[in-house]
Amino acid sequence: PGPSAPVVSQRTHVIFPGPMMSCQPVDRESGSGEACANCGKQGSDTVKLKNCTACRLVKYCGVDCQRAHRKQHKKACKQRAAELKDEQLYSQGHERPEGDFCPICTLPIPLPMDDHSGFMVCCMKRICRG
């Protein structure tokens, strides 16, 4: 075989010589420049590229390319998937209700609240114990 000819391994995967593609974020703003992270095939009307569902950093032209690229992509994928999960959790905006703060010192009342505060019937407020 010549220098640019693909080599077929015993597992029937086609291996192309040359540098491997690295995992780079996909430019979502512009429609041009999208390519399969494994084989480099450009996306078009006939070739629909699909995002990696875990990290959404790279695109693939098919399941075979995704499987072939998995070993190289796995570390970056897991890291980005964890970042996406953190962003999702932190953006939910869950905060403690207004009544969970002492109206005198304005600090959050430690949990369990019954052990660290008392309810004052004169003002109908829960006050921390210091």
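Residues numbered from 1 in each chain as written. Predicted model: local features only at pLDDT ≥ 70, side-chain atom pairs only at ≥ 80, totals over all residues. Heavy atoms only, no water.

## A closer look at the nonpolar core
Here comes step 1: The biggest cluster of nonpolar side chains holds eleven residues, and these are C36, A37, V47, L49, C52, C55, L57, V58, Y60, C65 and C77.
Here comes step 2: In contact with L49, other than residues within four places in its own chain, are E34, A35, C36, K41, Q42, G43, K59, Y60 and C61. (Core = buried A, V, L, I, M, F, W, Y, C linked by side-chain atoms within 4.5 Å. Buried < 20%, exposed > 50% of the residue type's maximum accessible area, 1.4 Å probe, protein only. Contact = heavy atoms within 4.5 Å.)

## Details of the confidence of the model for the protein chain
Here comes step 1: Taken residue by residue, the protein chain gives an average pLDDT of 76. The fraction at 70 or more is 69%.
Here comes step 2: In the predicted structure, residues 5–31 sits below a pLDDT of 50 and forms 33 contacts with residues beyond four places in sequence or in another chain. (pLDDT = per-residue confidence, 0-100.)

## Regarding the pairing of strand β6 (residues 125–128)
Here comes step 1: Relative to β6, strand β5 (residues 117–120) runs antiparallel, the two sharing four bridges. If you follow F119 over to β6, its bridge partner there is R126.
Here comes step 2: Hairpin connection between β5 and β6: a loop of four residues separates the two successive antiparallel strands, and M124 in this loop has a positive phi of roughly 60 degrees. (Pairing = 2+ DSSP bridges. Helix = DSSP H or I, 4+ residues; strand = E, 2+ residues; numbered from the N terminus.)

## Side note on the pattern of salt bridges
Here comes step 1: Evaluated as defined, the whole model comprises four salt bridges.
Here comes step 2: In this structure, the salt-bridge partner of K59 is E34, at a minimum N-O distance of 3.3 Å. Note that K59 is positioned in strand β4 (residues 59–60) and E34 in the loop between β2 (14–15) and β3 (50–51), a separation of 25 residues in sequence. Residue K59 shares its accessibility class with E34, and that shared class is buried.
Here comes step 3: Of the charged contacts, one joins R80 and E87 as a salt bridge, the two residues approaching to 3.5 Å between their closest N and O atoms. (Salt bridge = Lys/Arg side-chain N within 4 Å of Asp/Glu carboxyl O.)

## With respect to the environment of G40
Here comes step 1: When you line up the elements, G40 lands in the loop between β2 and β3.
Here comes step 2: Taking relative accessible area as the criterion, G40 reaches 26% and is therefore assigned partly exposed.
Here comes step 3: For the pair formed by G40 and Y60, sequence separation is 20 residues and the distance between their alpha carbons is 8.8 Å.

## So, helix α1 (residues 63–90)
Since the α-helix advances by 3.6 residues per turn, residues separated by three or four positions end up pointing in the same direction.
Here comes step 1: For α1, with 28 residues, the first-to-last C-alpha span of 32 Å runs short of the 40 Å given by 1.5 Å per residue.
Here comes step 2: Of all the bends in α1, the greatest measures close to 70 degrees and is centred on R70.
Here comes step 3: All of the buried residues along α1 are C65, H69, H73 and C77.
Here comes step 4: Along its buried surface, α1 packs onto β4. (Expected span 1.5 Å × (residues − 1). Bend = angle between axes of the 7 residues up to and from the residue.)

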